[in-house]
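Each chain, letter by letter, is given below.
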Amino acid sequence: SHLSPLAPRVEPLVVYSRSSRQLFVVGGRDPNTGSQLTDIGRADVDTGSWTRIVPKGVTLGQVLATTYSPRDRKLWILDTVGVGRSARARLIRLEPGTGQVQMLGEWQRSGKFDHHWLILDRDASVMLATSSEKVNKHVVIHFDDSKPVPEVDRTYAGQHALALPPVVDSEGYAFTTRIAPKKMPVVVRIKTLSGGIGHWGGVGTCL
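Okay, so let's go over this structure.

**Thoughts on the environment of Val 10**
Considering the arrangement of structural elements, one finds Val 10 in the segment before strand 1 (13-17). Separated by 179 residues in sequence, Val 10 and Arg 189 have C-alpha atoms that sit 34 Å apart. Setting aside anything within four residues of it in sequence, one finds Val 10 in contact with Gly 28, Arg 29 and Pro 31.

**A few points about the sheet that holds strand 9 (residues 115-120)**
Spatially, 9-10-11-12 is the arrangement adopted by the 4 strands of the open sheet, whose pairing is antiparallel. Pairing within the sheet leaves two strands with one partner each, and these edge strands are strand 9 and strand 12 (151-159). Across the sheet, the mean angle from the axis of one strand to that of its neighbour is 20°, orientation sign disregarded.

**Here we look at the sheet that holds strand 2 (residues 22-26)**
What the 4 strands build is an open sheet, ordered 1-2-3-4; its pairing is antiparallel. The open sheet has two edge strands with one neighbour each: strand 1 and strand 4 (50-53). Taken over all neighbouring pairs, the strand axes of this sheet differ in orientation by 20° on average, direction set aside. One ladder, built from 5 bridges, connects strand 2 with strand 3 (residues 40-44); its direction is antiparallel. Across the sheet, the residue bridging to Val 26 is Ile 40, located in strand 3.

**Structural notes on the nonpolar core**
Formed by 19 residues in total, the largest nonpolar core has its most connected members in Leu 78, Leu 91, Leu 118, Leu 128, Ile 141 and Phe 143. Looking at this core, the elements that each hand over two or more residues are strand 5 (62-69), strand 6 (74-81), strand 7 (88-94), strand 8 (101-108), strand 10 (126-132) and strand 11 (137-144). With 3 residues, strand 11 is the largest single contributor of residues to this core. The residues touching Leu 128, leaving out its near neighbours within four places in the chain, are Leu 78, His 116, Trp 117, Leu 118, Val 139, Val 140, Ile 141, Phe 143, Val 203 and Leu 207. By size, the runner-up hydrophobic cluster in this structure holds 13 residues, among which are Ile 40, Ile 53, Val 58 and Tyr 68.

**Focus: the layout of surface pockets**
Considering only enclosed or pocket space, the largest pocket measures out at about 300 Å³ in volume. Where the lining of the largest pocket is concerned, the elements lending two or more residues are strand 1 and strand 5. Taken together, the residues of the lining of the largest pocket sort by class into 6 nonpolar, 3 polar and 2 charged. Size it by volume and the second largest pocket reaches roughly 160 Å³. If you trace the second largest pocket, you find it lined by Glu 11, Pro 12, Leu 13, Val 26, Gly 27, Gly 28, Arg 29, Gln 36, Gln 62, Val 63 and Leu 64. It is strand 5 that provides the largest number of residues to the lining of the second largest pocket, a total of 3 residues.

Rules of the game
- Residues numbered from 1 in each chain as written.
- Predicted model: local features only at pLDDT ≥ 70, side-chain atom pairs only at ≥ 80, totals over all residues.
- Heavy atoms only, no water.
- Helix = DSSP H or I, 4+ residues; strand = E, 2+ residues; numbered from the N terminus.
- Contact = heavy atoms within 4.5 Å.
- Pairing = 2+ DSSP bridges.
- Axes fitted to C-alpha atoms, helices over the stretch in contact; angles between N-to-C directions.
- Core = buried A, V, L, I, M, F, W, Y, C linked by side-chain atoms within 4.5 Å.
- Buried < 20%, exposed > 50% of the residue type's maximum accessible area, 1.4 Å probe, protein only.
- 1 Å grid on protein atoms, 1.4 Å probe; cavity = no way out; pocket = protein on both sides within 12 Å on 5 of 7 lines; lining within 4 Å.
- Points joined across faces, edges and corners; volume = space filled by probe spheres on them.
- Nonpolar A, V, L, I, M, F, W, Y, C, P; charged D, E, K, R; others polar.

If you want it as structure tokens, here you go:
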């Protein structure tokens, strides 16, 4: 077995890529000081070898969501920096081999949405799912990554906050919604994410 080069940490986000058989450990906090850790660990599942990735040109803040895209072979990361009214959310793409970062967008935090997930659609394109207890809704934003700079091409909004991340499978999409406090969540299934045309500006309202 190979020892990880990462410092010990609590509450990192972990993502596993079945297609590339890689495990990524992103961010987290130092268990002794509580300070934010800004590096990423990558493990090759077949060999057990670890590499430490330090993003170039950007310092990670608190990581809200992450996923690995087998389409562009990059790690997508949503993080937040700053506090209070100056808090901002950023969406970046990181090339694991080099640590090179592409900043896709940066927005002032609205503070209305309390849960965020980066997930893969059925064709492995990336989606940002967000949920809000305050406004009792959830939103899914789909990215078209077929161009050098990804574009937001679809936005789907549904009623009620989510109790769990959305599930994508061969039948469509499942949303575990909180219909009412203290009641069991209800699973809502839909076949397609119908919705309006998306745009980058709309992302900020869901952060």
